[in-house]
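One-letter residues, chain by chain:
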Amino acid sequence: MTESLSDATRNTPSPHARRTLLLIAAIGIAPIVASYITYYFWPRQARVNYGELLSMRAAPPIEGVRTDGRPFRLEDLRGRWVLLMSSQAPCDAICERMLYATRQARTMQGGDQNRVVRVWLVGGEGEAAPALLAQHPGLEVVRITEPAHANLLTSDGRIYLIDPLGNWVLAWPTDPDIKALAKDLGRVLRASQIG
C-alpha cells in the first residue's frame, strides 16, 4: 500500500512543471489568438491605391494645337503612359499645384520617368505664362476648343492616367498628395510590361 502511494506521488506533476506546461501551451496559442483579434478588430483597408481606379474604357480622341503651333492628337501618344490634366488659362494656383504634382510624381519614377508624358489641356482664351512653362520642361501644353474642353472627362479638374493602350486607368484629386500619387504611378509602371 505504501509503495502504491509513493508511485502515485511520483506520477503527479509538481506545480512548477504544471506552470511550465501551461506557459508552453500559451506561447503556442498566442499567435493564433492575436491573428483573430487583429483580423476582426483592425481590418486592413480594402484599397491599396490612393487614386480612384476607373472602369476600363478607351479615352476619347482628343485633338488640339500645341503652344508651338503643331497639331496634337492623344492617339499619337499610344505606347506611353499619359498623366493628363485640364484647366482654363491662365493657370491659377490650383492649376499650378496640379502641374507641380504631376512633375514631381513623374520625376520620382527615376529611370521609368521616360515612360510617362505629361499633358496639360488648356481651355479658354488666356495664355500660359512663359515663366510657368519654363518650370515644366517636357510638358505637352495643348489648346483645345471650349466645347471639347467642356465635354471631356477631365473637365472636372482631376488628374488622370491613361495607359499605353489608350484606356483610362486612375484619377487623382485636384490637390493630390504627391507621394501617394507617385506611389500609385510607380506601382502601375512596375506591374506593366507595356509602355
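Keep in mind that what you see is a predicted model, and the values were worked out from it rather than measured.

What about the sheet that holds strand E5 (residues 116-123)?
So, point 1. Taken in spatial order, the 8 strands make up an open sheet running E1-E8-E7-E4-E5-E6-E2-E3, and their pairing is mixed. Strands with a single pairing partner mark the edges of an open sheet, and in this sheet they are strand E1 (52-53) and strand E3 (71-73).
So, point 2. Relative to the sheet, helix H3 (residues 93-107) contacts strand E4 (81-88), E5 and strand E7 (159-162), its axis offset from that of E5 by approximately 170°.
So, point 3. Along the sheet, helix H6 (residues 178-191) contacts E4, E5, E7 and strand E8 (168-172); its crossing angle with E8, the most-contacted strand, is approximately 165°.

Notes on the packing of aromatic side chains
So, point 1. According to the stated counting rule, one finds 1 aromatic pair in the structure shown.
So, point 2. Relative to tryptophan 168, the ring of tyrosine 160 has its centre 5.3 Å away and its plane inclined at 65°; by these criteria the two rings are edge-to-face. Note on accessibility: tyrosine 160 and tryptophan 168 belong to one class, buried.

Quick look at the nonpolar core
So, point 1. Core analysis: the largest hydrophobic core is formed by 26 residues, its most contacted members being Leu99, Trp120 and Leu161.
So, point 2. With 5 residues, the top contributor of residues to this core is H6.
So, point 3. Membership of the second largest hydrophobic core comes to 18 residues, among which are Ala59, Phe72, Val119 and Trp168.

Focus: H6
So, point 1. Over its 14 residues, H6 extends 20 Å from the first C-alpha to the last, a length consistent with the 20 Å expected when each residue adds 1.5 Å.
So, point 2. Against the buried residues of H6 lie E4, H3, E5, E7 and E8.

Quick notes on a nonpolar patch on the surface
So, point 1. A cluster of nonpolar side chains, contributed by Ile29, Ile32, Val33, Tyr36, Ile37, Tyr39, Tyr40, Phe41 and Trp42, occupies part of the molecular surface with about 1100 Å² of accessible area.
So, point 2. Examined against the element boundaries, phenylalanine 41 turns out to sit in helix H2 (residues 15-41).
So, point 3. The exposure class assigned to phenylalanine 41 is exposed, which follows from its relative accessible area of 61%.

Re the state of the cysteines
So, point 1. Counted under the stated rule, the structure contains 1 disulfide.
So, point 2. One disulfide in the model links cysteine 91 with cysteine 95; its S-S distance is 2.0 Å. On the sign convention where negative means left-handed, the S-S torsion of about -105° between cysteine 91 and cysteine 95 marks this disulfide as left-handed.

A closer look at the environment of glutamate 127
So, point 1. Looking at the secondary structure, you find glutamate 127 in the loop between E5 and helix H4 (130-134).
So, point 2. In this structure glutamate 127 comes out as exposed when scored by relative accessible area, which is 58%.
So, point 3. Sequence separation between glutamate 127 and cysteine 91 is 36 residues; the distance between their C-alpha atoms is 8.3 Å.
So, point 4. Discounting chain neighbours no more than four positions away, the residues touching glutamate 127 are Ala89, Pro90 and Arg143.

Cut-offs and rules
- Residues numbered from 1 in each chain as written.
- Predicted model: local features only at pLDDT ≥ 70, side-chain atom pairs only at ≥ 80, totals over all residues.
- Heavy atoms only, no water.
- Pairing = 2+ DSSP bridges.
- Helix = DSSP H or I, 4+ residues; strand = E, 2+ residues; numbered from the N terminus.
- Contact = heavy atoms within 4.5 Å.
- Axes fitted to C-alpha atoms, helices over the stretch in contact; angles between N-to-C directions.
- Phe/Tyr/Trp six-rings, centres within 6.5 Å; stacked < 30°, edge-to-face > 60°.
- Buried < 20%, exposed > 50% of the residue type's maximum accessible area, 1.4 Å probe, protein only.
- Core = buried A, V, L, I, M, F, W, Y, C linked by side-chain atoms within 4.5 Å.
- Expected span 1.5 Å × (residues − 1).
- Patch = residues over 30% accessible without salt bridge, like charges linked within 9 Å, V, L, I, M, F, W, Y side chains within 5 Å.
- Areas by Shrake-Rupley, 256 points an atom, 1.4 Å probe, with all protein chains shown as cover.
- Salt bridge = Lys/Arg side-chain N within 4 Å of Asp/Glu carboxyl O.
- Disulfide = S-S within 2.5 Å.

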